[in-house]
Amino acid sequence: MLDPGGADPDLLSLADALPSSGNTGIQFRIANVPADLMPFGEVEDPRGTVTPPTRKEPFSVWGFAEVFAGALKLAAWLDRSEYNEFKDATDIATALYRYARSPTITDYVYVSEHGQDILLAEDTDDTAAAVRVLGEHIAAVMDPARLAEITERWTRSSKTMHLYANMNVTNAPDWPRSPERRQSLVQAMERGMGIAAP
């Protein structure tokens, strides 16, 4: 994470040491692969917006922190569920719920061409379309090798029924109680991540 305000000199020198790629001001070559580096998290000001030091105009990074945390929660679920610890299911459900209830994601699904394609692919189920967008965002922020590892582990996990049963969201009466509906939403997220159904 790069801090464009009270800049951490170690982080800025890391970015300075990377060769730039293209003319966007945020794309660098890492292991000879072009990658966009966008600061987010504590450096957002206002929340959901950053102005990278190499650019003068602000960028929307709405949801980046949530997507990053969601990707980490998938890994945590895979690790802990093997030992019959299922608490990460609640965090995964909360990420799905927030995307499903986000006005920004709803607008994206209904207004953008890609969002409309997702909506049609999900049989006009706007909740499934929203969590499929979350899956796409998770895949976009993850290192390809790490995504491949999570995908492989995710598809062979024997704990998926425990995931659906434990996906509770506090103070969300409209969150589905049915494990079958929860499963359908997880599968929409999986499609967004590029995880094929077994």
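Residues numbered from 1 in each chain as written. Predicted model: local features only at pLDDT ≥ 70, side-chain atom pairs only at ≥ 80, totals over all residues. Heavy atoms only, no water.

Colleague: Pulling in residues and values, what's your account of the overall build of the protein?
Modeller: When helices and strands are tallied, the protein shows 9 helices and 4 strands. Listed by position from the N terminus, the elements making up the protein come as α-β-β-β-β-α-α-α-α-α-α-α-α. Taking contacts inside the protein between residues at least 6 apart in sequence as the whole, the part at least 24 apart equals 53%. Per element, the accessible surface of the protein, about 11,200 Å² overall, is 53% carbon and sulfur. (Helix = DSSP H or I, 4+ residues; strand = E, 2+ residues; numbered from the N terminus. Contact = heavy atoms within 4.5 Å. Areas by Shrake-Rupley, 256 points an atom, 1.4 Å probe, with all protein chains shown as cover.)

Colleague: Tell me what's going on with the environment of Thr106, and back it up with residues and numbers.
Modeller: The residue Thr106 is located in helix H4 (residues 103-111) in this model. By relative accessible area, Thr106 is classed as partly exposed at 32%. Along the chain, Thr106 and Thr127 lie 21 residues apart, while their C-alpha atoms are 8.7 Å from each other. (Buried < 20%, exposed > 50% of the residue type's maximum accessible area, 1.4 Å probe, protein only.)

Colleague: Give a description of helix H3 (residues 88-101) that names residues and reports values.
Modeller: Between its first and last C-alpha atoms H3 spans 20 Å; for 14 residues at 1.5 Å apiece the expected length is 20 Å, and the two agree. Within H3, the full set of buried residues consists of Asp88, Ala89, Ile92, Ala93, Thr94, Ala95, Leu96, Tyr97, Tyr99 and Ala100. (Expected span 1.5 Å × (residues − 1).)

Colleague: Requested: an account of the pattern of salt bridges, with residues and values cited.
Modeller: Per the stated rule, a full pass over the model turns up 10 salt bridges. Across the pair Arg153 and Asp79 runs a salt bridge, and its minimum N-O distance is 2.8 Å. Of this pair, Arg153 sits in helix H7 (residues 144-156) while Asp79 sits in helix H2 (residues 64-81), and the two are 74 residues apart along the sequence. Of the residues examined, Arg153 reaches a relative accessible area of 19% and is grouped as buried. Put simply, Arg80 and Asp88 hold a salt bridge, and the shortest N to O gap is 2.7 Å. Classification of Asp88 as buried rests on a relative accessible area of 0%. Residues joined by salt bridges that share partners form a network here, namely Lys73, Arg80, Asp88 and Asp91. (Salt bridge = Lys/Arg side-chain N within 4 Å of Asp/Glu carboxyl O.)

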